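In case you want the letters, here they are:
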Amino acid sequence: MTGTRYACLPGVPSWVGLATRDLDGAKDFYGPLLGWRFQAVPGRRGSYAHALAGETVVAGINATAHEWELPVTWTTYFGTESADAAASRVQERGGTVAVGPLSADEGRLALAADPAGASFGVLECQAEPGRLRPSGVGGNAVWVELRTRDAFEAAMFYGGVFDWDRRPSPPYTVRWEEDRVILDIDDRTVATLYGGAVEGTVDPRLRPRWHVFFSVADVAAAVETAEKLGGQAIGEPSPTHFGRTATLRDPEGGLFCVVSGHD
């Protein structure tokens, strides 16, 4: 393939994937919205494509939601030295492993859920040194946020699974700021954990889940484009410490966020 691949970093959100029912429909929506082009990836899992922003591979889209009886959803994958070891640590700390570990197009991976029910993935990093994707790439997933019942409890879980407090290089910093736990790598925020979600709510936005934030030049313009393409804005765009953001739903119901001004 021609796109530049960025090796993942252990303990860091390193890949995002969309499970959808209609691959062509997803391309028709996310392509114009985020400026992506697509490359088909032949493999054992049926209809699958990589999304590229410029020459950078930024996401995977897989038409398996119907086959696996899954909701249309974006999944955040954290890098790890060993998918098998990470899966064991998930279970030891009260989480569950739903799929794998198994070998897939991106590498050895597993799908799991934390004790509050938020789904996430683990992806075994390549042998070569990893590095973060450049944050300036438009359409890139620049930040993820966990909305959960107890941010501190969640930080203890993920910190234990991914050894956040035992990684000297690059500098991993876990800090509490106002109402969030924040994970910084090299002084760049890559993940936040925010309390207040409720497992039993009928509103999926308020259940424990990881939200993916894609970089756009203008949030208001992105909302307008999404609605023209058959998507839906959930609430109004709002300013945050990390930039102006909006929560969107794609035509099949997949939730995601857009952000401008995040460096």
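Per chain, the residues get numbers from 1 upward, laid out in the order the sequence is written. A pLDDT threshold of at least 70 governs which residues receive local features in this predicted model, and a stricter bar of 80 or more applies before side-chain atom pairs are shown or counted, although totals over entire chains, interfaces and linings include all residues. Hydrogens and water molecules were not included; the side-chain quantities draw on all heavy atoms of the structure.

**Quick look at the packing of helix 1 (residues 23–34) against helix 4 (residues 219–228)**
Thinking step 1. Every angle, taken between N-to-C directions, lies between 0 and 180 degrees, and every axis is a line fitted to C-alpha atoms, over only the stretch in contact when it is a helix. Runs of H or I in DSSP of at least four residues are treated as helices and runs of E of at least two as strands, each being numbered from the N terminus. In the contact formed by helix 1 and helix 4, the axes pass within 10 Å of each other and the chain directions differ by 155°. Here helix 1 lies roughly antiparallel to helix 4, going by the angle between them. Between helix 1 and helix 4 the crossing geometry is right-handed. Between helix 1, through F29, P32 and L33, and helix 4, the contact on the second element is made entirely by A222, T225 and A226.
Thinking step 2. Taken together, the residues of the contact of helix 1 with helix 4 break down into five nonpolar, one polar and no charged. Throughout this description, any angle smaller than 35 degrees is read as roughly parallel, any larger than 145 degrees as roughly antiparallel, any in the 65 to 115 degree range as roughly perpendicular, and the remainder as oblique. Each helix crossing is assigned a hand: it is left-handed if the near helix lies turned anticlockwise from the far helix by less than a right angle, otherwise right-handed if that turn is clockwise. Here a residue-residue contact requires only that any non-hydrogen atoms of the pair lie within 4.5 Å. Residues are grouped as follows: nonpolar covers Ala, Val, Leu, Ile, Met, Phe, Trp, Tyr, Cys and Pro; charged covers Asp, Glu, Lys and Arg; every other residue, Gly included, is treated as polar.

**As for empty space enclosed by the protein**
Thinking step 1. Only protein atoms enter the 1 Å grid used here. Points where a 1.4 Å probe fits but cannot escape make up a cavity, open sets with protein on both sides within 12 Å along at least five of seven lines make up a pocket, and a residue lines them when an atom lies within 4 Å of a point. Grid points are joined across faces, edges and corners, and a volume is the space filled by probe spheres set on the points. This structure, assessed with the given rule, holds two cavities of 30 Å³ or more.
Thinking step 2. For the second largest cavity, the calculated volume is near 30 Å³.
Thinking step 3. For the second largest cavity, the full set of lining residues is E177, E178, D179, R180, I182, H241 and F242.
Thinking step 4. When the residues that make up the lining of the second largest cavity are grouped by side-chain class, the tally is two nonpolar, one polar and four charged.

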